[in-house]
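Tertiary structure, described
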Amino acid sequence: MSLKYRYIITFIILAAAVFFWSKSINAQNTIYFNGENITEKISTVNVKDELLVKATDLAEMLDADLKWQPALKLLEMEADDVKIKLMANSSYIQIKNDAIRTKAGLQLIDNQAYLPLAKAIEAFGYLLEFQRDKEELYIFQPETTISNVSWQEDGNQLQIEMDEITPYRVLHSDDGKELTVEIDKAEIDEEFSDNISNNNYYLKVENVPDKALLRLIIRSRNSIPFKIDGGVYEKEDALVLSFLPQLKKLHIKDDNTFAVEATGEIPDADIEYLPNSQKMIIDIPSVVIGEYELDIKENSFIKNVDVKQHSLDPVILRLEVETEDDHLLQPLNNYKDQKNNTLSFKEGEKTVIRDLAYESGQLRFKSTAHIDPETFLLSDPPRLVINLFNAQRGEDLSDEIKLDDSMLKSIRTARFDDRTVRLVADLEDLTGYQISEKQQDGYFYYTVDFQNKFSKVSSDETADFQNLNISLTGNTDYEVKKFTHPHRIVIDVKNAYNNLNELDLPENNGLIKEIRSSNYELEGEKVTRLVFELEEYFSHTVNKSDEGRLINIALAKNADVTPDEPFLMAAPKNNLIIIDAGHGGFDPGAIGHSGLEEKIPNLEIAKKLAEILEEEGQKALLTRNEDTFLSLQKRVNIANESNAELFVSIHANSINNKTAGGVETYYNGSHKDSRLFAEKVHDKLYRSLGIIDRGIKKDNFYVIKYTEMPSILIETAFLSNPKEEKLLSSPDFHTKVAVLIADGIIDYLRENGGR
Ligand code: ZN
């Protein structure tokens, strides 16, 4: 039988016994039922100081069966296996085997049955709360009981124990100091215990009966490090909120190490020594400042430690450690403890660099302690720079070693700043290199192998072309030749190590019939020959990029295709901002540890930047708006021929050191305003990007050297740093970078462009 039908029958029985009385006789109360105001929907009356409700209204509210036996004047109401009975002229309600006394009992008023609301409804398992000042009555059926709130996992989790999980919401106040958990249809257990209020936290429980919910409000003097994403999980009988670890203690331990302790696991920190100062920056991601203890008294190497929450999105805690003169701090080899809750540093020994030598493609030196050399290639003139931190030069280390070699011209050593030794290998041409470390007899031996070899050989296709892409680790002499009978493309590379058998070569398909390699000697020089034997041949073009280290041979797929210059955009004149996304097409640029190719974020950021500038009423032109190859010279030509006002080239950085990171902006002195332009843009970037500020630098990158207008090149972040690689793959980061660059450009134009 349907509920509705059942109710109709009940109604008929009742209607037979009493007359209908249309006027409501409500008492002066507002009544909420499960969060809904039902005052207008039910009839109530006060009798003998007790609130009575019309039986039919209550039955409808509770979806109950109602039975009236006129002969006995007996009313029965039944719902969910609970049955109550009342008789006229009796003040008792019978519930199962109990009889509960009320003040008024069952009353027949104007031929309608009324019964005591509170006692009846409690019998059905509902709760009542009366707020006298507001004359408001709240009725709801709690579905869960909260018994305990406690800290777990060393304060990194808050556990709310409850019978059952009902709908809930977690709200974080704007200042981050208040966290509210709203739980629907919940009540507090009689033996509820608050185990979280302490010096730092205060719990307030607020009943919101008109919404039939309970609020647990947690307040703190500091930001509550609630994990916005993934911060809540449900157990069978508890709701668990996770917090980010907080800084707990900074102190010098008995073994004279400097320990940074947090309440939970600390991710890898970014450590940077500021040049020409006694300061080091330790950036710890996903840790919140909290209530911490700082105890660095009585130590000989740390002068001062500044702690601040560098940013909240992303969460970064920054320690700025100032060391005493001639002292430094370095991470212990195993600087995280087993639980990963502590980072440890020791007073650094200055490493002494000795026995620098070079022989047949190998540069060698030894040091008294482990170092993480930072290396990078610079192109004008070609040189490899090796920065050795916390190091000093041994007595035998001369300023310059002149060499008579086909690869290296000389090796120079210098003190870069008071804690860094810089080695510079002056190269004949840009060359691939590999650095390795070996430990023996208490020394650390480092070898830098200079050698050109193939780093990748691949093939891809477009509608008209089959591309052969060859990349070399360094810039060396090579020639691309075409032979017939059979048709073949030959690449002869001088002084390269033939490692082709170690690489994955493309399949023989399309125009490729076979790929093979051989070695031979020509006029005393070693040549590695890579041969693509072809099924058919029509025509080809050779493209080169990255100082010639990337070679692209585009083979036409039929006779109708004429290999052409890459597409050049038609450019309007004047007041134009050229945005140059670095690399593209077969030239990926730098490649991150998880495979992100630099050309992709470069283009994403460039496109967003153009969009934002257009919205701001500026004219912007992209040198490339898709994943195509464009030579450096063409990029410069686009800017110069269109008489553009500004030029911005977007790149991402890479270095042989996973921890290095940050944003840097380059300019060249070719236009007098380039430095100023760089300052305006970099000022926005370093303040708001949330990564390390590597400053403004002057260099000879082709695109900023030969453009005739103020021009800059931005290395937005480091692909070689796994955390920054992740940022570079995020559209949010692309937008953030683009917005900041646009802000800088507009600032510059306002002050210097007469706009
Ligand atoms: Zn680049």
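Rules used in this analysis
Residues numbered from 1 in each chain as written. Predicted model: local features only at pLDDT ≥ 70, side-chain atom pairs only at ≥ 80, totals over all residues. Heavy atoms only, no water. Helix = DSSP H or I, 4+ residues; strand = E, 2+ residues; numbered from the N terminus. Rg over C-alpha atoms; globule rule 2.2 N^0.38 Å. Buried < 20%, exposed > 50% of the residue type's maximum accessible area, 1.4 Å probe, protein only. Areas by Shrake-Rupley, 256 points an atom, 1.4 Å probe, with all protein chains shown as cover. Donors = N, O, S within 2.8 Å, 3.2 Å for Na, K, Ca; no water. Expected span 1.5 Å × (residues − 1). Lys, Arg positive; Asp, Glu negative; His and termini not counted. Salt bridge = Lys/Arg side-chain N within 4 Å of Asp/Glu carboxyl O. Contact = heavy atoms within 4.5 Å. Pairing = 2+ DSSP bridges. Axes fitted to C-alpha atoms, helices over the stretch in contact; angles between N-to-C directions. Left-handed = near helix turned anticlockwise from the far one by under 90°. Nonpolar A, V, L, I, M, F, W, Y, C, P; charged D, E, K, R; others polar.

1. Concerning the overall build of the chain
From N to C terminus, the chain includes 9 helices and 56 strands. In summary, the chain has a C-alpha radius of gyration of 39 Å against a globular reference of 27 Å for 755 residues, an excess of more than 25%. A principal-axis box enclosing the C-alpha atoms of the chain has dimensions of 125 × 80 × 60 Å. The 755 residues of the chain split such that 50% are buried. When the accessible surface of the chain is totalled, it reaches about 36,500 Å², and 44% of it is carbon and sulfur.

2. Focus: the coordination of the zinc ion
On the protein side, the zinc ion has His583 (NE2), Glu598 (OE), Glu598 (OE) and His651 (ND1) as donor atoms, found 2.2 to 2.8 Å from it. Spacing between the donor residues of the zinc ion along their common chain follows H-x14-E-x52-H. Taken together, the positions of Glu598 in the loop between strand E51 (576–581) and helix H4 (599–615) and His651 in strand E53 (residues 646–653) put the pair 53 residues apart, joining distant regions of the chain. The burial state of Glu598 is the same as that of His651; both residues are buried.

3. Here we look at helix H9 (residues 731–752)
An ideal rise of 1.5 Å per residue puts 32 Å on 22 residues; H9 measures up with 31 Å between its terminal C-alpha atoms. All buried positions along H9 are accounted for by Phe733, His734, Val737, Ala738, Leu740, Ile741, Ala742, Gly744, Ile745, Ile746, Tyr748 and Leu749.

4. Some details on the side chain of Asp699
Relative to the elements of secondary structure, Asp699 occurs in the loop between strand E55 (693–698) and helix H7 (702–705). For the buried Asp699, no salt bridge exists, and the shortest N-O distance to an oppositely charged side chain is 5.2 Å, to Arg383. With residues near it in sequence (within four places) discarded, Asp699 still touches Leu378, Tyr666, Tyr667, Asn668 and Ile704.

5. Comments concerning the pattern of salt bridges
Counting across every chain of the model gives 34 salt bridges. The salt bridge involving Glu533 is made with Arg516; its shortest N-O contact spans 2.8 Å. Pair noted here: Glu533 is in strand E48 (residues 525–534) and Arg516 is in strand E47 (residues 512–522), with a separation of 17 residues, a long-range link. Glu533 sits in the buried class, given a relative accessible area of 11%. Judged by relative accessible area, which is 32%, Arg516 ranks as partly exposed. For Arg687, the salt bridge identified is with Asp683, shortest N-O distance 3.0 Å. With Arg687 and Asp683 both in helix H6 (residues 674–688) and 4 residues apart, the pair spans about one turn of that helix. Assessed through its relative accessible area of 26%, Asp683 is described here as partly exposed. Put simply, Arg169, Glu182, Asp184, Lys204, Glu206 and Arg215 are held in one network by salt bridges that share partners.

6. Section: the sheet that holds strand E45 (residues 488–494)
Taken together, 4 strands build an open sheet; the order of strands is E44-E45-E48-E47 and the sheet is antiparallel. In this open sheet, the two edge strands, each paired with only one partner strand, are strand E44 (478–483) and E47. Geometrically, the sheet is characterised by an average inter-axis angle of 20° between neighbouring strands, direction not taken into account. Where E44 meets E45, 6 bridges bridge the pair, whose relative direction is antiparallel. Bridging across to E45, Lys481 finds its partner in Val490.

7. Considering the packing of H6 against H9
Relative orientation of the contacting elements H6 and H9 amounts to 145°, with a least axis distance of 8 Å. When the axes of H6 and H9 are compared, the crossing they make is right-handed. Across the interface between the two elements, Leu676, Phe677, Lys680, Val681, Lys684, Leu685 and Ser688 from H6 touch Lys736, Val737, Leu740, Ile741, Asp743, Gly744, Ile745, Asp747, Tyr748, Glu751 and Asn752 from H9. Of the residues belonging to the contact of H6 with H9, the class tally is 9 nonpolar, 3 polar and 6 charged.

8. Some details on the environment of Leu244
Looking at the element boundaries, Leu244 is found in the loop between strand E22 (238–242) and strand E23 (247–252). Using a relative accessible area of 13% as the deciding quantity, one classes Leu244 as buried. In this structure the C-alpha to C-alpha distance between Leu244 and Glu400, which are 156 residues apart in sequence, comes to 51 Å. Setting aside chain neighbours within four positions, we find Leu244 in contact with Asn156, Pro225, Lys227, Ser286, Val288 and Val315.

9. Here's the deal with H4
In this model H4 runs 24 Å from its N-terminal to its C-terminal C-alpha over 17 residues, within 8% of the 24 Å that 1.5 Å per residue would give. In this structure, the buried residues of H4 make contact with E51, strand E52 (619–622), E53, strand E56 (711–718), helix H8 (722–728) and H9. Backbone geometry just downstream of H4 places Gly617 in the positive-phi region, at approximately 85°.

10. Observations regarding the sheet that holds strand E39 (residues 420–427)
Pairing is antiparallel in the open sheet, where 5 strands are placed in the order E34-E35-E39-E38-E37. Bordering the open sheet on either side are strand E34 (374–379) and strand E37 (400–402), each of which pairs with just one other strand. Averaged over all neighbouring strand pairs, the angle between strand axes comes to 15°, with direction disregarded. Here 6 bridges tie E34 to strand E35 (residues 382–389), and the two strands are oriented antiparallel to one another. Residue pairing across strands places Phe376 opposite Val385, the latter belonging to E35.

11. A short note on unusual backbone geometry
With phi around 55°, Asp63 is a residue other than glycine that occupies positive phi space. In this structure, Asp63 sits in the loop between helix H2 (55–62) and strand E5 (65–69). What makes Asp63 partly exposed here is its relative accessible area of 42%. In this structure, Asp81 takes a positive phi of about 65° despite not being glycine. The residue Asp81 is located in the loop between strand E6 (74–79) and strand E7 (82–87) in this model. Assessed through its relative accessible area of 74%, Asp81 is described here as exposed.

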